[in-house]
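Examining the three-dimensional arrangement
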Amino acid sequence: MDAKQGAIESGGDHGGGRLKNLFLELWRDKTGFIGMAMIAALLFMAVAAPLIAPHSPTAQNLRARLKAPVWDENGSWNHILGTDNLGRDVLSRVIHGSRVSLMVGASVVLIAGAFGTVLGLLAGYRGGRTDNFIMRWIDTQVAFPGLLIALIILAVIGPSMITVILVLSFNGWMVYGRMTRGAVLSVRQTAYVEAAEVVGCSGTRVVFRHILPNLTSPLLTLAILEFARIVLAEAALSFLGMGIQPPATSWGLDVASGKNYLFRAWWLVTFPGIAISLTVLAINLVASWMRLVSDPQEREKQFARQMRARRKRGPVVQEASAP
Amino acid sequence: MGRYFLKRLWHGVIVIFGVTVLVFVVTRLVGDPVKVMLPLEATVEQRAAFEKELGLDQPIAIQFVDFMKGLSRLDFGKSLWQHRPAMQIVFEKLPLTLELALLGIGLAFVLAIPLGIISALRPGGVSDRSTVFVSLMGLSIPQFWLGLLLIIVFAVQFKWLPTSGIDTPAHIILPTITMALPALARLVMIVRSSMIDELNQQYVKTCFAKGLPFYRVVGVHALRNAALPVVTLTGWELIRAVAGYSVVVETVFAWPGLGLTAIQAIEREDLILLQAIVFTVAILVVLINILMDVAYKIIDPRLKLG
Amino acid sequence: MTVPANQPLLEIENLVVHFTTRSGIVQGVRGVNLQVGHGETLGIVGESGSGKSVTVQAVMGLITTPGEIVSGSIRWKGKSLLGAGGRDYLEKVRGKEITMIFQDPMTSLDPLFTVGTQITEVLRHHLGMGKKQALRRAVELLELVDINAPERRLQQFPHELSGGMRQRVMIAIALACEPELLIADEPTTALDVTIQAMILELLAELQERLKLSVIMITHDLGVIAQMSHRVAVMYAGKIVEVGLAEDIFERPVHPYTQGLLRATPRPDEVTERMIAIEGVPPNLISPPPGCAFASRCEQAGESCGLSPSLTVYEENRMVSCWCASKKQGA
């Protein structure tokens, strides 16, 4: 990933002004706005779960087993989205499940991201044998069959939220390493970093003041995309029984237990699945908005595309560069 | 060219070695493997006998040497669950997994190219926006859930297709679709963005200035230039299909391939079978990587591999 | 369809091209009138952003979003190239009767196809040639542009050739169907000076031999001087002066042309400072209402608040300037 020459700034932020601009951009791009709104709702749901969930997610009520959602003839307002085979309220489980997904996602992104970024910085900046070693390591580990290994490790050491986070981090740091190293290499070659080095700036200073600020944007986009991937991965692991274990609540886990009642109680599988999908969709929307915002060329192109769409002209030949 | 292949093969060997050693370490050193493999009520004598049988009473170094010796003969030992050679089981199940993976990713690839091209020709237009939107949804839906939904809709509601298993040809339809859809979503996005980039290049202008017909400029010149990232992603999707998605999809549809077998092996704590499966999958991954490199060289004569 | 020798091949009338960007509408071409006749080389000279490339791209139908031809007409041999019917005509004519070569031969050629394929595909599409016939002709074309070992070159890829050779290949492709007009958009800007000279010589020779008409676009006056019969000077999306090459060089009338010639360093005149034209070209998103050059013009007066148009100054010379008209008494 290249740090575009034009966008290079050497540290220093304009703080409040920037944030305001960001909000305006968000408002302009409706899909990004929707994504952000959904994320905000999700965060709220996760944080306020005990307050807004009508029941405890683990409260069993064997007399109210497999009740349908409220709009079905057998449903009731007591359990808006129905109950599962142990009488637990689906809505409450969905709400509480968000905590797990967000927690696992954030933790893995932080751990894998930190590890990968540091290694990438080392590889890019030191070069030579360090770079060689780290890249070989990345190349090798990238070729590992990730899910299988994750399953085996979890089977042996026992699945739990912590082990899931560790295993997913173990499998997921390489992409940060590669990206960071690439960014460091391309920025290092720019004239102004060479100038800084000539003037006598120390290595760490160059890294922190010049290289890192240009990394934040692509790194952030990557982290967001990885977050989405981790949410899906955790759900899959829990679905297969090697992730979050009962009595904890996870969307993937709920789909797995609902699988046995696929024909009788379709809602057990449907609502947790919708929750996962909406979460990941929101994250993806925000990620593509971020990519748009951080690349002025992209914005210009998107503008041109909107113009084109309005005009119903012939298909694209090329975009003539403005004189 | 020969040198390059040697390098790639060497890399492949390292990967396979790395994977197998990792699994070896995990299964023997972490925790108590015997406890994992034997029922709780096993007596001390039974434990000792078991350990001896598996060679677990030897020092770890000797265990490793024995393990490597077996590896070179493709002998992982007898599956603890089915009591027959692990590799035999692997060879039985492998074709089923390959069939599903190739059909699924192949379907995704075949559909992604025209969809992506159409999108790229009128970015921002109606068909493009709907394609992008549907792709975004396809990326966001968990694959296991997609499979279950398909079962609910097609097998339960409409009773058109069977729910699981492998008995009739029709049984492959839903698993293939489940395998294909997320890959299709990602591939369409790549084809689209790749084509958009290529259509903006100078040589495309030249081609039009030469008066070449539209289909040739887009379908021959631009498409070939756009192919590289698409091939990369397709290879990657194939790898993930074999090494990851197969576990999930096969579980949902009770498709008796390597993935389902892996899960069952995990449930039964058959670490021997697991080692054999992981080893085989690692080899497959390396092979697919090499195939991708060959494809690159065919597409782009500029690439000097090695 | 033949056109009598005294009628122009290409006629551009009042061409207006706009580009829609987030910052506003850029008026890249603001009313251009040009003709090109048989066997003549028209040089179009102007700085970056003057609209010269956009004009010829409009001729070749290469303008799409965010660009748009707003108004004006482009006629080839009397028939329009614009509009619905024009589009069909353009597709017949493009690459066959009118061809174009571009600035950077490295990016202008498809990197994944051999030189041979890129030449023969033109022959096969426009002239219906078979593969063997097309390959033979391709060898002839490569010899025409002075490329050695032509058979071997056919199998090579663009990245295996030098910059000068690539541009020769581009020329060969452009000449494949024996066009009547060759548009060269800054053909030598991306090349070394020595190669530049060779390519220009080649073009001049081909032009004479094949009785080609050529439009040569450049910002380099030296290139224009070498090759053109007639010269058009463009500034801020309009033509400010057009006439015979010798006349323009010896007696430039428009203040901008005069400024350009003054600013060109000459080895025979030793001066202390280079003479540049003060100021910068106007922003084409909101161009000034009057003459676009007025703010930089030493001779600017009150009447320059109104936009001048191209008027006949003398035989074979048109200028768009109030001062010139005044001198003429017209």
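Below: a short report on this structure.

**Some points on the sheet that holds strand β6 (residues 98-101) of chain C**
Residue and element names in this part refer to chain C. Overall, mixed pairing links the eight strands, which are arranged β6-β7-β8-β3-β9-β10-β12-β11 in an open sheet. In the strand order of this sheet, the two ends are held by β6 and β11 (311-314), each with one partner. Going across the sheet, the axis of each strand differs from the next one's by a mean of 20 degrees, ignoring polarity. Taken together, the five bridges between strand β7 (residues 181-185) and strand β8 (residues 213-218) define a ladder with parallel strand orientation. The residue of β8 that forms the bridge with Leu182 is Val214.

**With respect to the interface of chain B and chain C**
In this assembly, 17 residues from chain B lie in contact with 23 residues from chain C. The set of elements that each furnish at least two residues to the side of chain B that touches chain C consists of α9 (202-209) and α10 (214-253) of chain B. Ranked by residues supplied to the side of chain B that touches chain C, first place goes to α9(B) with six residues. Split into classes, the residues belonging to the side of chain B that touches chain C amount to six nonpolar, six polar and five charged.

**Some words on the nonpolar core**
A:Leu148, A:Leu151, A:Ile152, B:Ile277, B:Val278, C:Ala172 and C:Ile215 are the most contacted members of the largest nonpolar core, which has 257 residues in total. Among the elements that make up this core, the one with the highest residue count is α10(B) (18 residues). Ignoring any residue separated from it by four or fewer positions in sequence, one finds A:Leu151 in contact with A:Leu240, A:Met242, B:Ala262 and B:Ile266.

**A closer look at the interface of chain A and chain B**
Counting residues at the interface gives 41 residues for chain A and 49 residues for chain B. Broken down by element, the residue count for the side of chain A that touches chain B peaks at ten residues, all from helix α6 (residues 146-157) of chain A. Here the side of chain A that touches chain B is composed, by residue class, of 29 nonpolar, seven polar and five charged.

**Digging into the packing of helix α5 (residues 86-121) of chain B against helix α11 (residues 258-267) of chain B**
Axes are the key here: two packed helices are described by the angle between their axes and the distance separating the axes. All names here are of chain B. Where α5 contacts α11, the axes come no closer than 7 Å and their chain directions differ by 135 degrees. The angle between α5 and α11 falls in the class oblique. Of α11, the residues touching α5 (which contributes Ile89, Val90, Lys93, Leu94 and Thr97) are Leu258, Gly259 and Thr261. Residue composition of the contact of α5 with α11, by class: four nonpolar, three polar and one charged.

**Here's the deal with unusual backbone geometry**
Here the amide bond leading from A:Pro246 into A:Pro247 is cis, since omega sits at 10 degrees, within 30 degrees of zero. Mapped onto the fold, A:Pro247 is located in the loop between α10 (203-239) and α11 (251-259). For C:Asp146, which is not glycine, the phi dihedral falls at a positive 65 degrees. The residue C:Asp146 is located in the loop between α5 (131-144) and α6 (150-154) in this model.

**With respect to the pairing of strand β4 (residues 67-76) of chain C**
All names here are of chain C. Where strand β1 (residues 10-21) and β4 come together, eight bridges link them in antiparallel fashion. Following the sheet pairing, Glu11 is matched in β4 by Arg75. Across two bridges, β4 lies against strand β5 (residues 79-80) in antiparallel orientation. Within β5, the position partnered with Arg75 by the bridge is Ser80. Hairpin connection between β4 and β5: a loop of two residues separates the two successive antiparallel strands, and Lys77 in this loop has a positive phi of roughly 50 degrees.

**Quick word on the environment of B:Ala108**
All names here are of chain B. Here Ala108 shows up in helix α5. Taking the number of C-beta atoms within 10 Å as the measure of exposure, Ala108 has 27 and is therefore buried. Separated by 77 residues in the primary sequence, Ala108 and Ala185 place their C-alpha atoms 8.2 Å from one another. What Ala108 contacts, discounting residues up to four positions off in sequence, is Ala180, Ala183, Leu184, Leu187 and Glu237.

**As for the sheet that holds β5(C)**
Residues and elements named next belong to chain C. Taken in spatial order, the four strands of this open sheet run β2-β1-β4-β5, and their pairing is antiparallel. Strands with a single pairing partner mark the edges of an open sheet, and in this sheet they are β2 (24-36) and β5. As paired elements, β1 and β2 share ten bridges and run antiparallel to each other. Looking across to β2, one finds that His18 is bridged to Gln27. The sheet contacts of helix α1 (residues 52-59) involve β1, β2 and β4, and relative to β1 the element is tilted by about 110 degrees.

Thresholds, definitions, all that
- Residues numbered from 1 in each chain as written.
- Chains lettered and ligands numbered in written order.
- Predicted model: local features only at pLDDT ≥ 70, side-chain atom pairs only at ≥ 80, totals over all residues.
- Pairing = 2+ DSSP bridges.
- Helix = DSSP H or I, 4+ residues; strand = E, 2+ residues; numbered from the N terminus.
- Axes fitted to C-alpha atoms, helices over the stretch in contact; angles between N-to-C directions.
- Contact = placed C-beta atoms within 7 Å.
- Nonpolar A, V, L, I, M, F, W, Y, C, P; charged D, E, K, R; others polar.
- Core = buried A, V, L, I, M, F, W, Y, C linked by C-beta atoms within 7 Å.
- Buried ≥ 20, exposed ≤ 12 C-beta atoms within 10 Å, placed from the backbone.
- Parallel < 35°, antiparallel > 145°, perpendicular 65-115°, else oblique.

Coordinates in, geometry out; function isn't part of it.
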